[in-house]
Amino acid sequence: ETGVTQSPTHLIKTRGQQVTLRCSSQSGHNTVSWYQQALGQGPQFIFQYYREEENGRGNFPPRFSGLQFPNYSSELNVNALELDDSALYLCASSPGLAGVGREQYFGPGTRLTVT
Amino acid sequence: QQQVKQSPQSLIVQKGGISIINCAYENTAFDYFPWYQQFPGKGPALLIAIRPDVSEKKEGRFTISFNKSAKQFSLHIMDSQPGDSATYFCAANGQNFVFGPGTRLSVLP
């Protein structure tokens, strides 16, 4: 059983550009959540996908968008990058939405730097 | 109302001592409370979690104490080891997960 993987590990982009981050969920997990973690802070919820449908969204603007694919892998897209978007982006997968299915397992993250 | 407050911000404990981290919440719709451990350059790792229908849960050296009426919960790390030095996050889940700001724990050898 493989864990949650994310790519790329590090990324440097220029303000105004667009970026796509990728996540492969843990085997057997149909739910993926994305988080933004600024330096020295806790993860902030961006959105969650359950069986390819968005199932909740945090306080992030529409330029943050996502997709979940039939194999439950996921993408996070950020348009019109701003300097404040510099952060560690974390993907977490879980077996479902209720009960012990809510146990989330995080990937190692993608470190995004916007210059 | 969606916030989870966490204290202390940082904690220094001698090897073999007890580390205690506290969290508080407002939203009574939260019904699942996990704790995560994060090492530098890594993603958070699930340590232990509790539901509000129990007051305590223990797994190895880690114990969660939960006080539903006070809307507070805490993590106790018994016999703290230098390898426990990391940042610890409490979280709460209702509709979505809300994380505390973290506690940086240093265990001195």
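Residues numbered from 1 in each chain as written. Chains lettered and ligands numbered in written order. Predicted model: local features only at pLDDT ≥ 70, side-chain atom pairs only at ≥ 80, totals over all residues. Heavy atoms only, no water.

> Which parts of the structure should I look at to understand the overall build of chain B?
Summing up its helical and strand segments, chain B has zero helices and 11 strands in all. Along chain B, helices and strands appear, N-terminal first, in the series β-β-β-β-β-β-β-β-β-β-β. The principal-axis extent of the C-alpha atoms belonging to chain B is close to 40 × 30 × 20 Å. Counting only residues that meet the buried cut, chain B has 47% of its 109 residues in that class. Look at the contacts in chain B between residues 6 or more apart in sequence, and 53% of them connect residues 24 or more apart. Accessible area of chain B: about 5400 Å², with a carbon and sulfur share of 49%. Computing the positive centroid from 10 side-chain charges and the negative centroid from 7, chain B places the two 5 Å apart. (Helix = DSSP H or I, 4+ residues; strand = E, 2+ residues; numbered from the N terminus. Buried < 20%, exposed > 50% of the residue type's maximum accessible area, 1.4 Å probe, protein only. Contact = heavy atoms within 4.5 Å. Areas by Shrake-Rupley, 256 points an atom, 1.4 Å probe, with all protein chains shown as cover. Lys, Arg positive; Asp, Glu negative; His and termini not counted. Charge placed at Lys NZ, Arg CZ, Asp CG, Glu CD.)

> Help me understand the interface of chain B and chain A in this model?
Many authors give the size of an interface as the accessible area that is lost as the parts come together. Between chain B and chain A, the contact holds 18 residues from the first and 19 residues from the second. Of the roughly 1400 Å² buried between chain B and chain A on both sides combined, carbon and sulfur atoms contribute 52%. A per-residue breakdown of the area chain B buries against chain A is headed by Asn96, Phe97 and Phe99 of chain B, which together make up 34% of the total. Linking chain B to chain A there are one salt bridge. Put simply, arginine 102 of chain A and aspartate 31 of chain B hold a salt bridge, and the shortest N to O gap is 2.6 Å. The tally of links from chain B across to chain A stands at four residue pairs in polar contact (both at pLDDT 80 or more). Contributions of two or more residues to the side of chain B that touches chain A are made by strand E4 (33–38), strand E9 (86–93) and strand E10 (97–99) of chain B. Of the residues belonging to the side of chain B that touches chain A, the class tally is eight nonpolar, seven polar and three charged. (Buried area = accessible area lost by both parts, 1.4 Å probe. Salt bridge = Lys/Arg side-chain N within 4 Å of Asp/Glu carboxyl O. Polar contact = N/O pair within 3.5 Å; in protein donor to acceptor, adjacent residues only side chain to side chain. Nonpolar A, V, L, I, M, F, W, Y, C, P; charged D, E, K, R; others polar.)

> Can you help me understand the pairing of strand E6 (residues 56–59) of chain B in this one?
On a regular strand, each side chain points to the face opposite its neighbour's, so the side chains alternate between the two faces of the sheet. Residue and element names in this part refer to chain B. Pairing of E6 with strand E7 (residues 62–67) involves four bridges; the strand directions are antiparallel. Its bridge partner lying in E7, glutamate 59 is registered against phenylalanine 62. Taking the residues between adjacent antiparallel strands as the criterion, E6 and E7 are bridged by two residues, where glycine 60 takes a positive phi near 65 degrees. (Pairing = 2+ DSSP bridges.)

> What should I look at first to understand the confidence of the model for chain A in this one?
As a note on interpretation, predicted positions should not be read in detail where pLDDT is low. Within chain A, residue pLDDT values average 93, and 95% of them lie at 70 or more. Element-level pLDDT for chain A is lowest in strand E6 (residues 53–57) of chain A, with a mean of 91, against a maximum mean of 98 in strand E3 (residues 19–24) of chain A. (pLDDT = per-residue confidence, 0-100.)

> Is there a simple way to explain the pattern of salt bridges in this structure?
A side chain of one charge can pair with a side chain of the opposite charge if their charged atoms are brought near each other. Residue and element names in this part refer to chain A. One pass over the structure, following the stated rule, counts eight salt bridges over all chains. Across the pair glutamate 82 and arginine 63 runs a salt bridge, and its minimum N-O distance is 3.3 Å. With glutamate 82 in the loop between strand E8 (74–78) and strand E9 (87–94) and arginine 63 in the loop between E6 and strand E7 (64–68), this pair connects stretches of sequence that are 19 residues apart. The class of glutamate 82 is partly exposed, set by a relative accessible area of 39%. Under the relative-accessibility criterion, arginine 63 is labelled buried at 17%. When the shortest N-O distance is used, the salt bridge between aspartate 85 and arginine 63 registers 2.8 Å. One end of the pair, aspartate 85, is in the loop between E8 and E9; the other, arginine 63, is in the loop between E6 and E7, with 22 residues separating them in the sequence. The burial state of aspartate 85 is the same as that of arginine 63; both residues are buried. Here the residues in one salt-bridge network are Arg63, Glu82 and Asp85, joined through shared partners.

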